[in-house]
Structures are given as C-alpha cells and as structure tokens.
Amino acid sequence: AKRRSDMKLTFKYLDIKGLGEPIRLALTVGGLPFEDVRLSYDDVVALKGVAGDLTKHNGSPFGQVPVLEIDGRPFGQSGALLRWVGRECGLYP
C-alpha cells in the first residue's frame, strides 16, 4: 500500500459549499495534500460524458461530482469519499 505522502490527490467539485465542502475540509484538516479543482457548471456537463449513454463518462465514475482522483483514478459518491478521507487522516472513528 502506498503511503499517504506518495498519493497524488485531485478533488473536483463545483465552486460552492455543497456536498463537496466536507470532503475539502477533511482533506485540509487531515493534512492530506491535494489539488482543489473548482468546476463551473459547464465543466460538470462535460464530465457527464455522452448524452444518452450512461456507460461513457469523461473523468467521472457516475457522471456526477464530487470526484476524488487518487493517482489519476477517479472515485465518486460524496459519503464514500468523506469516509475514505476520514480514515486516511485518522479523523474517522
């Protein structure tokens, strides 16, 4: 398993305080270095992929945000991301 310091993390979410904000805060409080990519609504539409084809997404595992890329591999679902960050940082019981 990689050490925390060896992982390249990129967090992608809208530039709002929404479902992604607790994840941003946990990454910051937990001291995990990450790239914070603030998306516009047009960027999110582009991530959703090809209209009508739910199997093809452009960088988003479920065609939605937030997305946390770990070493270039995208992961989704805000609750799961928050739990993962919490465990990695020792913030999760």
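Scroll up to find the structure this text is about.
### Overview of the sheet that holds strand E3 (residues 67–70)
- The four strands lie next to each other as E2-E1-E3-E4, forming an open sheet whose pairing is mixed. In this open sheet, the two edge strands, each paired with only one partner strand, are strand E2 (35–39) and strand E4 (73–76). Taken pair by pair, the neighbouring strands of this sheet meet at an average axis angle of 25 degrees, ignoring direction.
- For strand E1 (residues 9–14) and E2, the ladder comprises five bridges, and the chain directions are parallel. Note on E2: the bridge partner recorded for Leu 14 is Leu 39.
- Contacts from helix H1 (residues 21–29) reach E1 and E2, with the element oriented near 150 degrees to E1.
- Along the sheet, helix H3 (residues 78–89) makes contact with E1, E3 and E4, crossing E3 at roughly 45 degrees.

### A short note on H3
- Under the 1.5 Å per step criterion, the end-to-end length of H3 is 16 Å for 12 residues, consistent within 8% with the ideal 16 Å.
- Turning to H3, its buried residues number three or more, namely Leu 81, Val 85, Gly 86 and Cys 89. For H3, the angular spread of buried residues about the axis comes to 135 degrees, placing them on one side.
- Of the surrounding secondary structure, the elements contacted by the buried residues of H3 are H1, E3 and E4.
- Gly 90 sits one or two residues past H3 and shows a positive phi near 75 degrees.

### Regarding the packing of H1 against H3
- Between H1 and H3, the shortest axis-to-axis distance is 9 Å and the interhelical angle comes to 10 degrees. It follows that H1 is roughly parallel to H3 by the angle criterion. For the pair H1 and H3, the contacting residues are Pro 22, Ile 23, Ala 26 and Leu 27 in the first and Ser 78, Leu 81, Leu 82, Val 85 and Cys 89 in the second.
- Grouping the amino acids of the contact of H1 with H3 by side-chain chemistry returns eight nonpolar, one polar and no charged.

Reading the values: rules and limits
Residues numbered from 1 in each chain as written. Predicted model: local features only at pLDDT ≥ 70, side-chain atom pairs only at ≥ 80, totals over all residues. Heavy atoms only, no water. Pairing = 2+ DSSP bridges. Helix = DSSP H or I, 4+ residues; strand = E, 2+ residues; numbered from the N terminus. Axes fitted to C-alpha atoms, helices over the stretch in contact; angles between N-to-C directions. Contact = heavy atoms within 4.5 Å. Expected span 1.5 Å × (residues − 1). Buried < 20%, exposed > 50% of the residue type's maximum accessible area, 1.4 Å probe, protein only. Arc of directions from axis to C-beta. Parallel < 35°, antiparallel > 145°, perpendicular 65-115°, else oblique. Nonpolar A, V, L, I, M, F, W, Y, C, P; charged D, E, K, R; others polar.

Nothing here speaks to function; it is all geometry.
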